[in-house]
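Structural description and commentary
Residue strings, one per chain:
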Amino acid sequence: MQWLTFLRRPLLWLMLFGMLLAYGVYALWRIPAEVLPRFDFPQVSVVVHAPGYATLEMESLVARPLEGQLMGLQDLQTLHATIAQGTVQFTARFTQGSNSQLDLQAVYSAIDRARSSLPPSVAPYAEIMGNAVNEVADYGVKLPPDVPAWQAEDAIRTRVLPTLRALPGVQRVELFGAGPPTLWIQPDPAALIQHHVGVDALARAISGAAVLSPAGRLVAGHQDVLVEVRHLPLDARDVLAIPVPAPGGPVPVSALARVVNTPPDVHYGLQVDGQPGLALIVFKQPDASTIPVDAAVARTLASLQDQLPRGVQWVPVYRQSHLVSVIGVDLTRNLLIGGALAILVLVWLLGRHHGVGVLALSIPTVVLLTIGGLYALGQSLNLLTLGALTLAVGLLVDDGIIVLEAIQHRWERGSAGWDGVQAGVTDIALADTTGTLTTVAAYLPLLAVTGLAGLFMRPFALTMSLALLVSLVVSLTLVPLVLGRRGDYTGHRFASGQRFLDWLARGNEKLLDLTLRRPGTSLLATAIVFIIAVAVLAIIPVNFLPLPNEGVLLDSFTLAPGTSLDEAIIASKRMSAALQADPAVAHVFARIGSADDTAYTEQSFAGEIQIVLKANVNANSLDQLSAHLRDVARQPGVVQSIDTPTIERVGESLSGLPQPFEITIFGNHIDTLRHVSESVATRLRKVPALADVFNDDAYPVTQLQISPRTQVLRSLQLTPADLGNQLNLLLSGRVLASMPDGASHLDLYLRQADAPYLDFSQLGREPISTQQGPVPLSHVATLQLQAQPNQIEHFDGERALTIMATPLGPLGSTIAHARAALRGLHLPPGYRITFGGMYPELIHTAEAMGAAVLVALFLTLGILALQFGGLRLPLILLLQAPLAFTGGALALAISGVGLNATGLIGLLTLVGVSLNHGIVLLAYVRAHEKQGMAPHDAVRRAVRERLRPIVLTTLTAALGMLPTALGFGAGAAPEQGLAIVVLGGVLWSALLSTNLLPALYLRWGRAS
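Residues numbered from 1 in each chain as written. Predicted model: local features only at pLDDT ≥ 70, side-chain atom pairs only at ≥ 80, totals over all residues. Heavy atoms only, no water.

The name given to the chain in an unreviewed UniProt entry is Cobalt-zinc-cadmium resistance protein CzcA, and the organism recorded there is Rhodanobacter glycinis.

Rendered as structure tokens:
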């Protein structure tokens, strides 16, 4: 190995490691810190708000034109549209590997092509899926009784928002809760009738009185002078004085309407501690670090407090930096504690000498170099990468211990100084490299996993691969470099540590004797334990991603479709009052419905309540606290679910909140779809494995349809469009002019004051202007209530309704029970049923994970076959992978911690981690056999020689993960399952490699 000669040049290596460590420190300072990795998923969401349009009209006027353009996009895989009253949300998923930024541009190009076919007021908004996790801060704005909401909103919009949007790392800021400054013209129907003035004439007069228009340019001497026509009625008195043409001569607006200085009520609700308020939502750039962005936002709001009306207060509701800090601080502390424990056990067992010192030095060296690699590859420090680093701390010294023991072994046999270093490294380099590469081979396929699983697997696999490869390089360079310069020095050994190793050696010798005598029985017993572990794993609780106390919980609620906004607000106030009375709650922030200029799509009968917890609340068991608060806030007819905001936003980011169980019914006719969905829902409610069967898509909502009497309209020289225009002005309202007013603007808005609360008879008396004079609406049109679908879905343009339910058992068996319940259901021709939601995602994930495991095993088998020159030994070694799974599964079951996403990653980790000891052990066995030893003697000697390094690496790995496995600190909760699984697997794997593996080698492996 010629490269070992370069280790005699310490200055060269000092410069190299110095530069790399300097870059690692720089990367540690600059790398973004966030909760989850960037969701670089080829999926684009399009949200369209069109208030006032019914579901079927949204389908024909908005959804269909946009679908026509979106469906033709290159690389589009699927297009899903959810259509409801006033909103459409598209989810466009592109083929894996496509550039999400280019996909977003293509979507906006399609929107531009469709604009000419859309209603004039429609403004679609598109963003790459995953942006919800970039929501770093939510603030409520508490208002004093004497400050109108619109006034506070205008002050914030003009004086605060520009500064916030200019902050580094801020992507978007949303402010909502009231309307803009408005002069609201409220026509009096009786006055309109009295003066024979139509509402359209009133609107034309007011529109014509507001003008701000360029009129050309004049040359005045040496200057160009712009000419502008300007008349802006910025005061209510100015508007009231505007003349309106009437048959008897012009009349002022004051004779026809009243003007109030306030915007109309928005069609959504915002409450802070049960009172009307405002909401401020801040999103960071995907690559920005959470903590500095959130801190800059908080400092800016505090510094601009004096710019707000007196008494207006910011109420912090959600700050993502709190979660990032908790996870970062706790995992970093556990990483340091685990590293310290690993070093202490090395000192205890090996003594105090420079060999242990270089192993201790290798841990921060590898961590810093790994962080440098992550930064260079555009990654961040997040839940998954930090978890991988925490897990890796115990594994990082594995390579170093192997090299140290090999060099020490050569020194003990008489090879002194550099000769011993070179001989020891030569003995172990191939086996050490093979062991590391087989571990990395288990992670490499995960880098290619696509879909939702890939979002979580890739960052973890990349971090572990980098850490292990860097650890290998450090062990083969830094460790021999330091040992070669310092020479053989054993230092002080602790007698208790030596006695512990001797005790383990005696116990392992007895167990080895047993397995060597009965290899078949030993293998059978291990297989039985493996089957028990798999059975136990199938019944333990499953949780997606347990998160620590974020200081806030999110209660998503919905009432029956069609419930009025007023009723939803009343229910929300009752829930908020009940929650505020709870001693654990500090503030309650409720949003009902969705503002038109946001990405929210909840209808007016649904919303969410963010429950801000008091600082001293001990919320280690969030499930118990969530259940308690759900009981506190329970209201009749309100469906609730409580989770953490981060989990909710992850769900919003992953394909628009996929439910665990969904059945989608495809067909063309709405009435038939509704009938089929009701039959399906009836059958599903009889399935014991399903609860909370929701058929809200088919739930009919009421629409009032006004049908013009065309013959009557012709006789009055009116068209249906004229009728629609007047009703739109009276009932829906319209901004007639938007005028600049300093840093803000002022809207002139026309609408009847009590329009939303008119009953049928009052609506029938609404005045419709004609050339013969005003006539009541009932004279020119019929009014009829009709049922409309609450919601329609399109999958690639095909109509569908979706039924959701909560599975009470494993999803696979629940699907089987549901299929059995639907067997024999008659479907009309052209109609079909599919199982959707998380089910196809889980199938895809299972297939992807299965493929990744197979590829990992194939790569590992290839690497081992190259070293051992055949397949028999590699196959015996690979047998350890599922057997190591036993230790992880049993540890998880004994701990009582449920299986989650990180625990699943831990089980996959065992595929590679379990092989390293066995590879080195068998390399020693074969080396002794080549020296002429009998097979049994070679096996026993190799076990004796390798027992100490195996014990050292196992203990350092276990102790490195122990603080996280014990759940030390709230921030360790997401990684606890991962640490428990790997800790159990490492301990079990060490036992197998020093006992079962030698027996299998002697019984079946020597023919290779």
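Having seen the model, we can carry on.
Moving on: the overall build of the chain. The number of helices and strands found in the chain is 33 helices and 31 strands. Structurally, the chain occupies a C-alpha span of about 125 × 80 × 55 Å along its principal axes. The burial tally for the chain puts 55% of its 1008 residues in the buried class. Considering only residue pairs separated by 6 or more positions, the chain has 80% of its internal contacts joining residues 24 or more positions apart. With the model as given, the accessible surface of the chain reaches about 42,000 Å², and the carbon-plus-sulfur share is 59%. (Helix = DSSP H or I, 4+ residues; strand = E, 2+ residues; numbered from the N terminus. Buried < 20%, exposed > 50% of the residue type's maximum accessible area, 1.4 Å probe, protein only. Contact = heavy atoms within 4.5 Å. Areas by Shrake-Rupley, 256 points an atom, 1.4 Å probe, with all protein chains shown as cover.)

Quick look at the packing of aromatic side chains now. Counted according to the given criterion, the structure contains 10 aromatic pairs. Ring geometry for tyrosine 139 versus tryptophan 314: centroids 6.3 Å apart, planes at 80°, classification edge-to-face. Residue tyrosine 139 is located in strand β5 (residues 135-142), and its partner tryptophan 314 is located in strand β16 (residues 313-319); the two are separated by 175 residues in the primary sequence. A single burial state applies to tyrosine 139 and to tryptophan 314, both of which are buried. Aromatic side chains phenylalanine 666 and phenylalanine 795 sit 5.5 Å apart centroid to centroid with 65° between the ring planes, which places their arrangement in the edge-to-face category. Linking phenylalanine 666 in strand β21 (residues 661-666) with phenylalanine 795 in strand β29 (residues 791-795), this pair joins segments that are 129 residues apart in sequence. Residue classification places phenylalanine 795 among the partly exposed positions, given a relative accessible area of 25%. (Phe/Tyr/Trp six-rings, centres within 6.5 Å; stacked < 30°, edge-to-face > 60°.)

To continue, consider the domain arrangement of the chain. Along its sequence, the chain is carved into domain 1 (1-18 + 351-490), domain 2 (182-262 + 701-789) and domain 3 (493-548 + 837-1007). Computed from C-alpha coordinates alone, the two centres of domain 2 and domain 3 are separated by 78 Å. (Domains from an automatic or database assignment.)

Turning to the packing of helix α9 (residues 290-303) against helix α10 (residues 320-350), a few remarks are in order. For the pair α9 and α10, interaxial distance at closest approach is 9 Å and the crossing angle is 140°. Overall, the two elements α9 and α10 adopt an arrangement that is oblique. Between α9 and α10 lies a crossing of left-handed hand. Contact residues: α9 offers Thr290, Ile291 and Asp294, while α10 offers Gln320, Ser321, Val324 and Ser325. (Axes fitted to C-alpha atoms, helices over the stretch in contact; angles between N-to-C directions. Parallel < 35°, antiparallel > 145°, perpendicular 65-115°, else oblique. Left-handed = near helix turned anticlockwise from the far one by under 90°.)

This part takes up the pattern of salt bridges. Enumeration over the complete set of coordinates arrives at 22 salt bridges. Notably, a salt bridge pairs aspartate 671 with arginine 674, separated by 3.4 Å at the nearest N-O pair. Here aspartate 671 and its partner arginine 674 are both found in helix α20 (residues 670-684), three residues apart, which amounts to about one turn of the helix. Taking the relative accessible area as the measure of exposure, arginine 674 reaches 15% and is therefore buried. Within the structure, one salt-bridge network assembled from shared partners comprises Glu59, Arg64, Glu67 and Arg799. (Salt bridge = Lys/Arg side-chain N within 4 Å of Asp/Glu carboxyl O.)

On to the sheet that holds strand β17 (residues 552-558), then. Pairing is antiparallel in the open sheet, where six strands are placed in the order β14-β13-β18-β19-β17-β20. A strand with exactly one partner marks an edge of an open sheet, and here the two such strands are β14 (275-276) and β20 (639-643). The pairing of strand β18 (residues 585-592) with strand β19 (residues 606-613) spans seven bridges and is classified as antiparallel. The residue of β19 that forms the bridge with alanine 590 is isoleucine 609. (Pairing = 2+ DSSP bridges.)

Quick look at the environment of phenylalanine 500 now. Note on placement: phenylalanine 500 falls in helix α15 (residues 495-517). Given the relative accessible area of 24%, phenylalanine 500 is considered partly exposed. Distance in space between the C-alpha atoms of phenylalanine 500 and leucine 349 is 8.2 Å, their sequence separation being 151 residues.

Below, the discussion takes up a nonpolar patch on the surface. On the surface, a nonpolar cluster with roughly 430 Å² of combined accessible area is contributed by Leu444, Leu447, Val855, Phe858 and Leu859. Within the fold, leucine 447 resides in the loop between α13 (417-443) and α14 (451-486). Assessed through its relative accessible area of 31%, leucine 447 is described here as partly exposed. (Patch = residues over 30% accessible without salt bridge, like charges linked within 9 Å, V, L, I, M, F, W, Y side chains within 5 Å.)

This next bit is on the packing of α10 against helix α11 (residues 354-376). Between α10 and α11, the shortest axis-to-axis distance is 10 Å and the interhelical angle comes to 165°. What the angle tells us is that α10 and α11 run roughly antiparallel. The interaxial crossing formed by α10 with α11 has right-handed handedness. Taking contact as the criterion, the partners of Gly339, Ile343, Leu346, Val347 and Leu350 in α10 are, on α11, Val356, Leu359, Ala360 and Ile363. Classifying every residue of the contact of α10 with α11 gives eight nonpolar, one polar and no charged. (Nonpolar A, V, L, I, M, F, W, Y, C, P; charged D, E, K, R; others polar.)

What follows concerns the sheet that holds β16. If you trace the four strands from one edge of the open sheet to the other, you get β6-β15-β5-β16, paired in antiparallel fashion. This sheet does not close on itself; its edge strands, each paired only once, are β6 (170-176) and β16. Between one strand axis and the next, the sheet turns by 20° as a mean value, whatever way the strands run. Where β5 lies against strand β15 (residues 278-284), six bridges are found, and the strand directions are antiparallel. Note on β15: the bridge partner recorded for glycine 140 is alanine 279. Docked against the sheet, α9 engages β5, β6, β15 and β16, running at close to 20° with respect to β5.

It is worth spelling out the environment of valine 219 at this point. Tracing the chain through its elements places valine 219 in strand β8 (residues 211-220). Valine 219 gets classed as exposed once you look at its relative accessible area, which sits at 67%.

Structurally, glutamate 135 is set in strand β5. Ignoring sequence-local partners within four residues, the contact set of glutamate 135 consists of Ile281, Val282, Phe283, Tyr318, Gln320, Tyr600 and Arg649.

What follows concerns helix α4 (residues 149-159). Considered for burial, the residues of α4 that qualify are Trp150, Ala152, Glu153, Asp154, Ala155 and Ile156. Tucked inside the fold, the buried residues of α4 contact β5, α5 (161-165), β6, β15, β16 and β25 (744-750).

At histidine 196, a residue that is not glycine, the phi angle is positive and equals roughly 55°. If you check the backbone angles, aspartate 796 has positive phi at about 55° while not being a glycine. Looking at the secondary structure, you find aspartate 796 in the loop between β29 and β30 (798-807).

A word on the pairing of β25. Summarising burial for β25: six of the seven residues are buried, a large majority. Of the strand pairs in this sheet, strand β7 (residues 182-187) and β25 are connected by four bridges, and their pairing is parallel. Bridge assignment links leucine 183 to a residue of β25, and that residue is leucine 748. Bridge analysis of strand β24 (residues 734-741) against β25 gives seven bridges, and the strand direction is antiparallel. Paired with valine 735 across the two strands is tyrosine 749, which belongs to β25. In textbook terms, the turn of a hairpin is the stretch between consecutive antiparallel strands, and for β24 and β25 this stretch comprises two residues, one of which, glycine 742, has a positive phi near 70°.

We now examine the nonpolar core. Core analysis: the largest hydrophobic core is formed by 132 residues, its most contacted members being Leu446, Phe460, Met464 and Leu877. In this structure, this core is formed jointly by two domains, domain 1 (1-18 + 351-490) and domain 3 (493-548 + 837-1007), each of which donates at least three residues. Those residues within four positions of phenylalanine 460 in sequence are excluded, and the remaining contacts are Leu384, Gly387, Ala388, Leu391, Tyr443, Ile905, Thr909 and Leu978. (Core = buried A, V, L, I, M, F, W, Y, C linked by side-chain atoms within 4.5 Å.)

This part takes up α13. Relative to the 39 Å expected for 27 residues at 1.5 Å per residue, α13 spans 37 Å between its end C-alpha atoms, a close match to the ideal helical length. The sharpest bend along α13 measures roughly 40° and falls at alanine 429. Of all 27 residues that make up α13, 19 are buried, and the element is covered over most of its length. (Expected span 1.5 Å × (residues − 1). Bend = angle between axes of the 7 residues up to and from the residue.)

With that out of the way, let us pick up the pairing of β18. Of all eight residues in β18, six are buried, a share of seventy percent or more. Note that strand β13 (residues 269-272) and β18 share four bridges and pair antiparallel. Each residue of the ladder has a partner; that of valine 272, found in β18, is phenylalanine 589.

A word on the environment of glycine 593. Within the element layout of this structure, glycine 593 appears in the loop between β18 and β19. Given the relative accessible area of 1%, glycine 593 is considered buried. Considering only alpha carbons, one finds glycine 593 and aspartate 330, 263 residues apart in sequence, at a separation of 37 Å.

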